[in-house]
Amino acid sequence: MHLASILGEPVVDAEEEAFVVFSQAIPSQSLGFIDPKASTLEINVGGHDLTIHQSRGLLESTRKEGTTGAVVWKVTPLFATWISSPNNFLTTTSLLTPTSTVVELGAGVSGIVALALGPQVSLYTTTDQTYVLKLLRQNIAENLNTVFPQSRKGKAKQSDYGNRIKCEALDWETDSVSNLDPVDLVIACDCIYNESLIEPLNSTAAAICRLRASGSSGNSSSSEAKPTLCLIAQQLRSPDVFEAWLKSFCEKFTVWQVPDSLLDAGLREGSGFVVHVGIVK
């Protein structure tokens, strides 16, 4: 794989990269929720009209482990539409194919990225802490008919397609990933907002990527030819948190920022969002 031929030169100085990224005009988007007061959102992603349930009560609770996964963030539908597009560079270069497997970290309750990309790959596993899984599974189940091809009877059955999108509990700070199978792609969409979670997130992503690098897939020659990619999308909020995340990420991965020429308009410079790709070192 020669990502440099697709994405250009990798990031060599995280501090300088952070300075350049935050030198752009960044629109004010507050925390980045779409509408935290709505119990249900109607969102179009990749031509599919999705109905997504949120949990305002959970968001406003005092749960000390965090509640931000209870609602939908602005970057999520933009990223989901981009990653599932047939024009996405991962698809056009066959880095992502119908036989690919994907793990998403910090999926939250919405399941939007899974619903957009899941039908295009062989297995998509969403993960998050236990408290979001009930609503995450509900949102995925209720939108299956929309995103999967309909049967002759006009409905996609959970039994037919439910095994293509899985939901699993995974806490970055306490859980091991050793029970997971190697995958082709690790995704994290807007999980970087708290400095204390930077190391757990990046370490978990690196550990999953190393499942293939270690040869645990049973096919070392194939693994060497096609390492697991890590794709991180995020809203630009705090320059200090972003720089801390990027320094940590660059310690563990060879990193590229996805250039504007390969992004949809809603994710390009000036949008307030940024997307990076990493290959574990």
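Residues numbered from 1 in each chain as written. Predicted model: local features only at pLDDT ≥ 70, side-chain atom pairs only at ≥ 80, totals over all residues. Heavy atoms only, no water.

- Under the annotation held in an unreviewed UniProt entry, the protein carries the name Diaminohydroxyphosphoribosylamino-pyrimidine deaminase and is attributed to Setomelanomma holmii.

**Focus on the pairing of strand 6 (residues 185–189)**
Two faces belong to every sheet, and in a regular strand the side chains alternate between them.
Thought 1: Most of strand 6 is tucked away, with five of its five residues classed as buried.
Thought 2: The alternating pattern of strand 6 places Leu-185, Ile-187 and Cys-189 on one face and Val-186 and Ala-188 on the opposite face, and all of these are buried.
Thought 3: Pairing of strand 3 (residues 101–105) with strand 6 involves four bridges; the strand directions are parallel. Residue pairing in the sheet places Val-103 in a bridge with Val-186 of strand 6.
Thought 4: Bridging between strand 6 and strand 7 (residues 229–235) involves five bridges; their strand directions are parallel. Across the sheet, residue Val-186 finds its bridge partner in strand 7, namely Cys-230. (Buried < 20%, exposed > 50% of the residue type's maximum accessible area, 1.4 Å probe, protein only. Helix = DSSP H or I, 4+ residues; strand = E, 2+ residues; numbered from the N terminus. Pairing = 2+ DSSP bridges.)

**Some thoughts on the sheet that holds strand 5 (residues 165–169)**
Thought 1: Ordered by their spatial adjacency, seven strands build an open sheet running 5-4-3-6-7-9-8, and the pairing between neighbours is mixed. Two strands bound the open sheet, and with one partner strand each, they are strand 5 and strand 8 (253–257). Here the average twist between neighbouring strands, direction ignored, is 20°.
Thought 2: The sheet strands contacting helix 10 (residues 198–213) are strand 3, strand 6, strand 7, strand 8 and strand 9 (273–280), and the helix crosses strand 3 at an angle near 165°. (Axes fitted to C-alpha atoms, helices over the stretch in contact; angles between N-to-C directions. Contact = heavy atoms within 4.5 Å.)

**Looking at the state of the cysteines**
Thought 1: Evaluation of the coordinates by the stated rule reveals zero disulfides.
Thought 2: Looking at the unpaired Cys-209, the closest cysteine sulfur is the one in Cys-230, lying at 4.9 Å. (Disulfide = S-S within 2.5 Å.)

**Quick word on the side chain of Asn-202**
Thought 1: Looking at the secondary structure, you find Asn-202 in helix 10.
Thought 2: In contact with Asn-202, not counting residues within four places along its chain, are Trp-245, Ser-248, Phe-249, Lys-252 and Phe-253.

**Description of the packing of helix 2 (residues 14–21) against helix 12 (residues 239–252)**
Thought 1: Viewed as axis vectors pointing N to C, helix 2 and helix 12 meet at an angle of 140°, and their least axial separation amounts to 9 Å. Viewed along their axes, helix 2 and helix 12 adopt a mutual orientation that is oblique. Once helix 2 is placed against helix 12, the crossing between them reads as right-handed. Within the contact between the two elements, helix 2 uses Ala-14, Glu-15, Glu-17, Ala-18 and Val-21 and helix 12 uses Phe-242, Glu-243, Leu-246, Lys-247 and Cys-250.
Thought 2: Here the residues of the contact of helix 2 with helix 12 sort into six nonpolar, no polar and four charged. (Parallel < 35°, antiparallel > 145°, perpendicular 65-115°, else oblique. Left-handed = near helix turned anticlockwise from the far one by under 90°. Nonpolar A, V, L, I, M, F, W, Y, C, P; charged D, E, K, R; others polar.)

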